[in-house]
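Structural overview
Residue-level listing of the chains:
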Amino acid sequence: MTSANGAEMQIALAGIGTIAKAQHVPSIAGDPDWHLAATLSRNGRIADVPGYQSLDAMLAAHPEITTVSLCLPPVPRFAVAAEALIAGRHVMLEKPPGATLSEVRYLADLAQANGVTLFTSWHSRAAQMVPAAKAWLAGKTLRKLRVTWKEDVRHWHPGQAWIWEPGGMGVLDPGINAISIVTEILSEPIHITSATLEVPENAQTPIAADLQFWHPSAEVSMVCDWRQEGDQTWTIEAVCDDGQMVLADGGARMIVDGTEQLADGPDDGEYPRLYKQMADLVRAGRSDVDLAPMRHVSDALALGHRITVAPFED
């Protein structure tokens, strides 16, 4: 989307860490609707982009900024998001959108009160084959759904101590990606009935989790583990009365009854799709606030039987 005079929309990026540099910055740079006008970070910087350490200073220096995309960790993110919304800026939230359901619900109310857009983005839902998986499951009777989400935390979150603290979610931070896909592709409601959480003795959040869900017709379960070495596993397997489907590589590939399915077009990438969606939301004057994945993680943490395991050292 462009403004009425044809100019790009001015956006600021808050939180210049690994995910911001690897995904958000190139996605913004490749999108003709957006121009990265400034960054907000205590330490991170982007070459040739003005950087600030306070939102007030950034907005005072760049009143043309209409949108703030937040990549800060969940716990400190709320204060910046609330300040931006009150200042009349549209806000895009990296997943998970916050540390608690209550604070994100409050942000949604703030966005509505100030007439701006709030987008709780779930990047895994923008994976190439997720829409195809949703279409394939539509109208079928599901009998079993098994999620396996195993990765190496040292590779994906090196030195990020906040993930082991309250509000960091631990392995449920990547696990919420899988849950975001499941809640997108299933038409029936689900909820967690039990959870086993393995928590390192020097951490507050789990390094592994085994979750069981209620579903009206199927056995639904999920296992996630941050101690995986070698090949990483991001797989969702669905068994229906009339076929089997596997979403592999985090939703990038889809196999039906053993046959790889072809995508409808080129894979533009998850984050470029998110920024296109954000532009569409701003143009339409709408918000998109879906808290379903967060509800399931909150339930897992509430119901979880905790088992203390060996300490984790990064």
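Further up the page is the structure itself.
Quick look at the structure, then. (Residues numbered from 1 in each chain as written. Predicted model: local features only at pLDDT ≥ 70, side-chain atom pairs only at ≥ 80, totals over all residues. Heavy atoms only, no water.)

Considerations on the overall build of the protein
- Check the secondary structure of the protein and you find 9 helices and 15 strands.
- Over its C-alpha atoms the protein spans a radius of gyration of 20 Å, differing by no more than 12% from the 20 Å that the globule rule assigns to 314 residues.
- With respect to the three principal axes, the spread of C-alpha positions in the protein is 55 × 45 × 35 Å.
- Expressed as a percentage of its 314 residues, the buried residues of the protein come to 52%.
- Total accessible area computed for the protein in this model is approximately 14,000 Å², and 50% of it derives from carbon and sulfur atoms.
- Across the protein, 23 positive and 39 negative side-chain charges occur, with their mean positions spaced 3 Å apart. (Helix = DSSP H or I, 4+ residues; strand = E, 2+ residues; numbered from the N terminus. Rg over C-alpha atoms; globule rule 2.2 N^0.38 Å. Buried < 20%, exposed > 50% of the residue type's maximum accessible area, 1.4 Å probe, protein only. Areas by Shrake-Rupley, 256 points an atom, 1.4 Å probe, with all protein chains shown as cover. Lys, Arg positive; Asp, Glu negative; His and termini not counted. Charge placed at Lys NZ, Arg CZ, Asp CG, Glu CD.)

Digging into the environment of T308
- On the secondary structure map, T308 appears in strand 15 (residues 305–309).
- For T308, a relative accessible area of 60% puts it in the exposed group.
- Contacts of T308, omitting those with residues within four sequence positions, involve V199 and E201. (Contact = heavy atoms within 4.5 Å.)

Notes on the pattern of salt bridges
- Applying the stated rule across the entire model yields 12 salt bridges.
- Notably, a salt bridge pairs D173 with K95, separated by 3.1 Å at the nearest N-O pair. Of this pair, D173 sits in helix 7 (residues 172–185) while K95 sits in the loop between strand 5 (90–93) and helix 4 (101–114), placing them 78 residues apart in sequence.
- Note on K95: relative accessible area 10%, which makes it buried.
- Between D249 and R253 there is a salt bridge, with its nearest N and O atoms 3.6 Å apart.
- A relative accessible area of 43% means that D249 is categorised as partly exposed.
- Through salt bridges with shared partners, one network takes in R125, K134, E184 and D290. (Salt bridge = Lys/Arg side-chain N within 4 Å of Asp/Glu carboxyl O.)

Some remarks on the layout of surface pockets
- Of the pockets and cavities examined, the largest pocket occupies roughly 1,300 Å³.
- Lining the largest pocket are 44 residues, and of these T18, I19, C71, H157 and Q160 lie nearest its centre.
- Top element by residues in the lining of the largest pocket is helix 3 (residues 74–86). It accounts for 5 residues.
- Taken together, the residues of the lining of the largest pocket break down into 18 nonpolar, 17 polar and 9 charged.
- Around the second largest pocket, the lining is made up of 23 residues, and of these R125, A126, A127, V130 and P131 lie nearest the centre.
- For the lining of the second largest pocket, the secondary-structure elements that each account for two or more residues are strand 6 (118–120), helix 5 (130–137) and helix 8 (270–284).
- In terms of residue count, the dominant contributor to the lining of the second largest pocket is helix 5 (4 residues).
- Across the lining of the second largest pocket, the residue classes break down as 11 nonpolar, 5 polar and 7 charged. (1 Å grid on protein atoms, 1.4 Å probe; cavity = no way out; pocket = protein on both sides within 12 Å on 5 of 7 lines; lining within 4 Å. Points joined across faces, edges and corners; volume = space filled by probe spheres on them. Nonpolar A, V, L, I, M, F, W, Y, C, P; charged D, E, K, R; others polar.)

Nothing here speaks to function; it is geometry throughout.
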